[in-house]
Amino acid sequence: MVEHWIDGAPASGASERTGPVYNPAHGIEQRRVRFASTEDVDLAVEAAARAFPAWRDASIAKRQQIMFRFRELLASRTDELAAILTSEHGKVTADALGEIARGLEVVELACGMPAYTKGEYSENVSTGIDVYSLRQPLGVVGVISPFNFPAMVPLWFFPLAIATGNTVVLKPSEKDPSASVWLARLFQEAGLPDGVFNVVHGDKVAVDALLEHPTVRSISFVGSTPIARYIYATATANGKRVQALGGAKNHMLVLPDADLDLAADAAVNAGFGSAGERCMAISAVVAVDSIADELVAKISERMSRLVTGDGTRGCDMGPLITREHRDKVAGYLDVAGADGASVVVDGRDPDVNGEPDGFWMGPTLIDHVPTSSAVYRDEIFGPVLSVVRVDGYEDGVDLINSSRYGNGTAIFTNDGGAARRFQREVTVGMIGINVPIPVPVAYHSFGGWKDSLFGDAKAYGPRGFDFFTQEKAITSRWLDPSHGGLNLGFPQHD
Ligand code: NAD
């Protein structure tokens, strides 16, 4: 049983409800996870609230030392965490290690917290008067994360929140919950006081309890667009600061002058890495007609070399997260046929290096996808790459800009002018120029536009520090006798 982690110890809570945790490569339920009740969430929030004053008042040096120790422990035990990720999510070991490396970057950023939270000082704004600003923590903050990055997405938030003096209640995905508890234990080992970092598991009940709890000051959410919209509406209605990152449909525009071998490599890596279960996966290749046939041939040739199977066996691509999700993804091939698209590679019955009952779906390529088709419009979140053909650059940018999503996009070209125009014109939050998955490094912030991000605060980087701190501005004068006298007018400067 995967238990909650409250006040520095495993906690069963009062709820009888539990959910299954599968090993997707074996197709079996390997353990169960507690589903918190509202009262269980209350206990976690209370523990976080009790821990807050002492943690807020711990010196920057002390918080930094614990953060550095956490960084060292995490860096030395990545294999252990990668094994957990592969066993519950299914992603292959190399990809699990990559996920941890990107999360570790944010821990390293958190170690440098003082540089981002120093505040500002203006001397003598009026005679003898100074104005300065401080950044202080919010208090208890909530984090709600998706299944597809069980370590990295929590790591986008809790290190910055904790380094800046907040205390945290994390509600990870119920589909692969063990990584969060492992991280919480590790942080305790690094010296984090009990109650500063709590984990509660569960579903909508636990999420709603966090969204409505008066003590929780902010919500950081990552997940699908309908839930992100709901989180934003509900948490802001409850007076909270909210960053809610949603789903995506990421396009890769390939111009005729691009190196088609590099573009084909990129499309395959970004389309099928983590079985397409990445919010920054490329799911639509937008190919200019004159090179589309050649590009599709190069992509399908590369796909024939991919091995789908158990992530512990050195395969390229693992299973999908659940059987239901696998079946839903496979269903899009029927939609493609009915909508007049051509299936170039059909992944429904892959030759698998793994157990027969795993949730398998092989790499799939669909060409001539009409933009009216659900194959194009929906976020499929599986190893399905669509090719949409366009006449040229303008057509391609118009198509990308008409998408409701705006998470990531990429252009492949050797024309600097076209790339520069693209970065200026495209209505997307993260852009790659000959880079298919432009996830910014930790010291730049992560987040999309339109239906890919609700609220105005991106994750990590400078915006992450801003999100987890509130600013105070102080106007100060040290009294001397010349400052006396009555004046009811609004203060002016002299
Ligand atoms: P999801 O929206 O189903 O779940 C995300 C979280 O919300 C989970 O903790 C889940 O328990 C909770 N939740 C689910 N249904 C809920 C409901 N009705 N009410 C309240 N809470 C609910 O997402 P998922 O399937 O776990 O993750 C995949 C999605 O996340 C994809 O859409 C993907 O694009 C998106 N994602 C986005 C980013 C980004 O940075 N924009 C990053 C990773 C994943």
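Cut-offs used in this document
Residues numbered from 1 in each chain as written. Predicted model: local features only at pLDDT ≥ 70, side-chain atom pairs only at ≥ 80, totals over all residues. Axes fitted to C-alpha atoms, helices over the stretch in contact; angles between N-to-C directions. Helix = DSSP H or I, 4+ residues; strand = E, 2+ residues; numbered from the N terminus. Parallel < 35°, antiparallel > 145°, perpendicular 65-115°, else oblique. Left-handed = near helix turned anticlockwise from the far one by under 90°. Contact = placed C-beta atoms within 7 Å. Nonpolar A, V, L, I, M, F, W, Y, C, P; charged D, E, K, R; others polar. Near = placed C-beta within 6 Å. Domains from an automatic or database assignment. Pairing = 2+ DSSP bridges. Core = buried A, V, L, I, M, F, W, Y, C linked by C-beta atoms within 7 Å. Buried ≥ 20, exposed ≤ 12 C-beta atoms within 10 Å, placed from the backbone. pLDDT = per-residue confidence, 0-100. Right-handed = clockwise from strand over helix to strand, strands pointing away.

The name an unreviewed UniProt entry assigns to the protein chain is methylmalonate-semialdehyde dehydrogenase (CoA acylating), from the organism Agromyces bracchium.

(A) Structural view of the packing of helix α3 (residues 78-88) against helix α7 (residues 178-189). Where α3 contacts α7, the two axes come as close as 9 Å, and the packing angle between them is 165°. The orientation of α3 with respect to α7, classified from their angle, is roughly antiparallel. The handedness of the crossing between α3 and α7 comes out as right-handed. For the pair α3 and α7, contact is made by Leu81, Ile84, Leu85 and Glu88 and by Ser178, Ala179 and Trp182, respectively. Tallied by class, the residues present in the contact of α3 with α7 amount to five nonpolar, one polar and one charged.

(B) Here's a closer look at the site of the ligand. Around the ligand, 27 residues are found, and the nearest of them are Pro146, Gly223, Ser224, Gly247 and Cys279. Lining the shell around the ligand are residues from two domains, each supplying at least three of them: domain 1 (4-246 + 452-474) and domain 2 (250-433).

(C) Geometry of the sheet that holds strand β24 (residues 469-477). Taken in spatial order, the three strands make up an open sheet running β5-β6-β24, and their pairing is antiparallel. At either end of the open sheet lies a strand with only one pairing partner, and these are β5 (120-126) and β24. Strand-to-strand twist of the sheet, defined as the mean angle between neighbouring strand axes without regard to direction, takes the value 25°. In this structure, strand β6 (residues 129-137) lies alongside β24, joined through nine bridges in antiparallel fashion. Its bridge partner being in β24, aspartate 130 is matched across the sheet by serine 476.

(D) Summary view of the nonpolar core. Membership of the largest hydrophobic core comes to 91 residues, with the highest contact counts inside it found for Val168, Leu210 and Ile231. The element best represented in this core is helix α6 (residues 152-163), accounting for ten residues. Contacts of isoleucine 231, omitting those with residues within four sequence positions, involve Ile144, Leu211, Ile219, Phe221, Val242 and Ala244. Core analysis: the second largest hydrophobic core is formed by 63 residues, Cys279, Ala287, Val390 and Tyr405 among them.

(E) Expanded view of unusual backbone geometry. If you check the backbone angles, serine 274 has positive phi at about 55° while not being a glycine. Inspection of the secondary structure assignment puts serine 274 in the loop between α10 (260-272) and β13 (282-288). C-beta crowding within 10 Å serves as the criterion here: with 23 such atoms nearby, serine 274 is assigned to the buried category. A positive phi angle, close to 50°, is found at lysine 450, a residue other than glycine. Considering the arrangement of structural elements, one finds lysine 450 in strand β22 (residues 449-450). In this structure lysine 450 comes out as partly exposed when scored by C-beta crowding, with 18 C-beta atoms within 10 Å.

(F) Molecular detail of the confidence of the model for the protein chain. When the pLDDT values of the protein chain are averaged, the result is 97; 100% of them are 70 or greater. Here the predicted complex scores 0.98 on pTM and 0.98 on ipTM.

(G) Examining the pairing of strand β8 (residues 167-171) more closely. Counted residue by residue, β8 has five buried out of five residues, so it is predominantly covered. Side chains Thr167, Val169 and Lys171 of β8 all project onto a buried face; the interleaved residues Val168 and Leu170 project onto the opposite face, where all are buried too. Both strand β7 (residues 140-144) and β8 contribute to a ladder of five bridges, which runs parallel. Along β8, the bridge assignment pairs valine 143 with leucine 170. The parallel pair β7 and β8 is bridged by α6, and the resulting crossover is right-handed. The sheet contact formed by β8 and strand β9 (residues 197-199) spans three bridges and is parallel. Bridge pairing links leucine 170 to valine 199 in β9. Handedness of the β-α-β unit built from β8, α7 and β9 comes out right-handed.

(H) Region of interest: the packing of α10 against helix α11 (residues 289-303). Where α10 meets α11, the closest approach of the two axes is 9 Å, and the angle between their N-to-C directions is 50°. The orientation of α10 relative to α11 falls into the category oblique. Viewed along their axes, α10 and α11 form a crossing whose handedness is right-handed. Residues Leu260, Asp261, Ala263, Ala264, Asp265, Ala267 and Val268 of α10 lie in contact with α11, whose contacting residues are Ile291, Glu294, Leu295, Lys298, Ile299, Arg302 and Met303.

(I) Here's a closer look at the domain arrangement of the protein chain. In terms of domains, the protein chain is made up of domain 1 (4-246 + 452-474) and domain 2 (250-433). The straight-line distance from the C-alpha centre of domain 1 to that of domain 2 is 31 Å. With 18 residues of domain 1 at the interface, the matching set in domain 2 holds 25 residues. When grouped by side-chain class, the residues that make up the side of domain 1 that touches domain 2 number seven nonpolar, eight polar and three charged.

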